[in-house]
Amino acid sequence: MPLKTSSPSFSELASDRALLRVSPDGRSLLQKDSTPFLYFADTAWELFHRLDRAQADRYLTKRAKQGFTLIQAVALAELDGLTAPNPYGHLPLRNSDPLQPNENYFKHIDWAVAQAARRGLWIAMVPTWGDKWNLKWGPGPEIFTPENAARYGEWIGKRYKDAQVLWILGGDRGIESERHRQINRAMAEGVKRGCENRQLATFHPTAILSSSRWFHEAPWLDFNMSQTGHARDLPVYEEITRDWGLSPAKPCLNGEPAYEHIRNRYWLEPGGPLLDSLDVRKSLYWCLFAGACGHTYGCNEIWQMWDKGRKPMVEANIPWSEALEFEGATQIRHARRLLESRPFLTRMPDQSPLASEAGTGGERVQAIRDSKGSYAWVYLPVGKPVRVRLANLSGKNIVAHWFNPRTGKAERIGVFPKEAEREFIPPTDGPD
């Protein structure tokens, strides 16, 4: 028998514009009116589990003002999500049984989903964290089978089918057995049945992997998500480049790059340096210019909604409400405005504009251009001269700018006759 629940009403917030779809060429996400949907997310995994309504209101309001478009959050959370109640004393399930959801717990999620929509934010809903089906680490326990995963997926998909929601299966785990594959396929197909296939879905793997490794051709997987983990100067563009080249074409993005204010390679090198806003920007522009349809920001204190009195994970030590103002988060809006300033749907990752070496490691230079020749962008993580080929750009003259990803300000360099190559020397404070 199907799970029963009272159905929340999102009708006041629902509209045809709120339905997302994949572009015909398989490269981008579109709104109902065919304008691009730019996926700029924050990892707020513990949002539903740890924040009360006043706190959630503060968080959502701030992220909307900072230019985010979407929040990634988990229904059955990672940090003792089955045994530690939410701020109102409610657990998500009775007897840790996916077929016995607690209506009062999910009413709080309903409220948060609705509040996000009122601020123009989407929720990327993770039905469960991965330790509930693959206890490689974490508290668990494993509670899902292919049978109950299908029923739970259909129940939660139906509950939010009219909401401003898309779906992330997985929850920081890889597929290590046929049973794992069956559980996730069953839950994904259940979600799609529940939402009547109105909403998009992807899969969040562990690092360094992409959903495409297991599910690229699955009908329920609408776009690919990679995770590159929490280490400095990883070649995060490689997974995006790989996914861009797959057939059939599907949009792709990095759903969990290096978090701001987390120790570099913390699981291997305790006491290493803290990752900062430069690390965040490198991942952001490397992935976007490799062809991603958006990007996800993360912060060590935000994902766990750490506050004084809580047990810190991975050395969290700044209250989440203060971490909202970290530089990396405030600079997301600059990337969004840059993408919105030029045609997005005709972009194509292409290193051919580079006449100088692309470099490696933290000095990697990444390029992207409009397939119709109206623009080319080159990301320089360090302030070194770069030689650029101009022949593929349209028009007789080329207008060149420096764009500062820290401030969002553009500085006009000049207008130049189109020529084979030209060297550009960054401003003294560097482009990044």
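Below: a short report on this structure.

Each value, and the rule that gives it
- Residues numbered from 1 in each chain as written.
- Predicted model: local features only at pLDDT ≥ 70, side-chain atom pairs only at ≥ 80, totals over all residues.
- Heavy atoms only, no water.
- Helix = DSSP H or I, 4+ residues; strand = E, 2+ residues; numbered from the N terminus.
- Buried < 20%, exposed > 50% of the residue type's maximum accessible area, 1.4 Å probe, protein only.
- Contact = heavy atoms within 4.5 Å.
- Areas by Shrake-Rupley, 256 points an atom, 1.4 Å probe, with all protein chains shown as cover.
- Patch = residues over 30% accessible without salt bridge, like charges linked within 9 Å, V, L, I, M, F, W, Y side chains within 5 Å.
- Salt bridge = Lys/Arg side-chain N within 4 Å of Asp/Glu carboxyl O.
- Phe/Tyr/Trp six-rings, centres within 6.5 Å; stacked < 30°, edge-to-face > 60°.
- Lys NZ or Arg CZ within 6 Å of the ring centre and 35° of its normal.
- 1 Å grid on protein atoms, 1.4 Å probe; cavity = no way out; pocket = protein on both sides within 12 Å on 5 of 7 lines; lining within 4 Å.
- Points joined across faces, edges and corners; volume = space filled by probe spheres on them.
- Pairing = 2+ DSSP bridges.
- Core = buried A, V, L, I, M, F, W, Y, C linked by side-chain atoms within 4.5 Å.
- Right-handed = clockwise from strand over helix to strand, strands pointing away.
- Expected span 1.5 Å × (residues − 1).
- Polar contact = N/O pair within 3.5 Å; in protein donor to acceptor, adjacent residues only side chain to side chain.
- Disulfide = S-S within 2.5 Å.

### What about the overall build of the protein chain?
Helix and strand counts for the protein chain stand at twelve helices and 18 strands. A principal-axis box enclosing the C-alpha atoms of the protein chain has dimensions of 70 × 45 × 40 Å. Evaluated residue by residue, the protein chain yields a buried proportion of 57% over its 432 residues. In the protein chain, of all internal contacts separated by at least 6 residues, the share reaching a separation of at least 24 is 69%. Carbon and sulfur atoms make up 49% of the accessible area of the protein chain, which amounts to about 17300 Å² in all.

### Digging into unusual backbone geometry
Cis rather than trans, the peptide bond between Gly-140 and Pro-141 has omega equal to -5°. Among the secondary structure elements, Pro-141 is positioned in the loop between β5 (122–128) and α4 (146–159). Look at Asn-95: it is not a glycine, yet its phi comes out positive at around 60°. Notably, Ser-96 is not glycine yet its phi reads approximately 55°, a positive angle. Mapped onto the elements, Ser-96 comes out in the loop between β4 (70–76) and α3 (103–118). Relative accessible area serves as the criterion here: at 25%, Ser-96 is assigned to the partly exposed category.

### Notes on a nonpolar patch on the surface
A contiguous nonpolar surface patch, about 320 Å² in accessible area, is contributed by Tyr-266, Trp-267 and Leu-268. With respect to the helices and strands, the residue Tyr-266 is situated in the loop between β10 (252–256) and α8 (277–289). A relative accessible area of 32% places Tyr-266 in the partly exposed class.

### As for the packing of aromatic side chains
Per the counting criterion, the structure on display carries 18 aromatic pairs. Put simply, the rings of Tyr-105, Phe-106, Phe-144, Tyr-152 and Trp-155 touch in pairs and so form one group of aromatic residues. The lysine or arginine in question, Arg-27, covers the ring of Trp-244, its NZ or CZ lying 3.9 Å from the ring centre.

### Section: empty space enclosed by the protein
Under the criterion given, the structure shown has four cavities of 30 Å³ or more. Counted as a void, the second largest cavity has a volume near 50 Å³. In this structure, the second largest cavity is lined by Leu-288, Phe-289, Leu-339, Phe-344, Arg-347, Ile-368, Tyr-375 and Trp-377.

### Side note on the pattern of salt bridges
According to the stated counting rule, one finds 23 salt bridges in the structure shown. In this structure, Asp-162 engages Lys-161 in a salt bridge whose closest nitrogen and oxygen atoms are separated by 3.4 Å. Asp-222 is paired through a salt bridge with Lys-192; the nearest N and O atoms lie 2.6 Å apart. One end of the pair, Asp-222, is in the loop between α6 (212–215) and β9 (224–227); the other, Lys-192, is in helix α5 (residues 178–194), with 30 residues separating them in the sequence. By the burial criterion, Asp-222 is buried, and Lys-192 matches it.

### Points about the pairing of strand β16 (residues 397–403)
Regular strands show a simple pattern: their side chains alternate between the two faces of the sheet. Across the two faces of β16 the burial differs, with Ile-398, Ala-400 and Trp-402 buried and Asn-397, Val-399, His-401 and Phe-403 not buried at all. Relative to strand β17 (residues 410–417), β16 runs antiparallel, the two being bridged by seven bridges. Note that in β17 the partner of Phe-403 across the bridge is Ala-410. The loop that links β16 with its antiparallel partner β17 comprises six residues; one of these, Gly-408, has a positive phi angle of about 80°.

### Concerning the nonpolar core
With 112 residues, the main nonpolar core has Tyr-39, Leu-47, Tyr-59, Val-113, Met-125, Tyr-160 and Trp-167 as its most contacted residues. A per-element tally of this core places α3 first, with eight residues. In contact with Met-125, not counting residues within four places along its chain, are Phe-48, Ala-73, Ala-75, Ile-109, Val-113, Tyr-160, Val-165, Leu-166, Trp-167 and Ile-168. Counting residues in each nonpolar core, the second largest holds 14 residues, with Ala-367, Val-386, Leu-393 and Phe-424 among its members.

### Structural notes on the pairing of β5
Of all seven residues making up β5, seven are buried, and the element is well covered by its neighbours. Bridging between β4 and β5 involves six bridges; their strand directions are parallel. Within β5, the residue paired with Ile-71 across the bridge is Ile-123. Note on the crossover from β4 through α3 to β5: the handedness is right-handed. Pairing geometry for β5 and strand β6 (residues 165–169), over three bridges, is parallel. The partner of Ala-124 across the bridge, within β6, is Leu-166.

### Describing the environment of Thr-330
Relative to the helices and strands, Thr-330 resides in helix α11 (residues 327–330). Between the alpha carbons of Thr-330 and Arg-198 there is a distance of 32 Å; along the sequence they are 132 residues apart.

### A look at α8
When the terminal C-alpha atoms of α8 are compared, their 18 Å separation across 13 residues agrees well with the 18 Å that a helix rising 1.5 Å per residue should span. Among the 13 residues that make up α8, twelve are buried, leaving the element largely enclosed by the rest of the structure. Restricting attention to buried positions, one finds in α8 the residues Ser-277, Asp-279, Val-280, Arg-281, Lys-282, Ser-283, Leu-284, Tyr-285, Trp-286, Cys-287, Leu-288 and Phe-289. Capping of α8 at its N-terminal end is provided by Asp-276; its side-chain oxygen lies 3.1 Å from the backbone amide nitrogen of Leu-278. Two residues or fewer after α8 comes Gly-291, characterised by a positive phi angle close to 115°.

### Observations regarding the state of the cysteines
Evaluated as defined, the whole model comprises zero disulfides. Cys-252 takes part in no disulfide bond, and the closest cysteine sulfur, belonging to Cys-293, lies 6.5 Å away. The exposure class of Cys-252 is buried, given its relative accessible area of 1%. Cys-252 supplies the cysteine sulfur nearest to Cys-287, a cysteine that is in no disulfide, at a spacing of 8.9 Å. Under the relative-accessibility criterion, Cys-287 is labelled buried at 0%.

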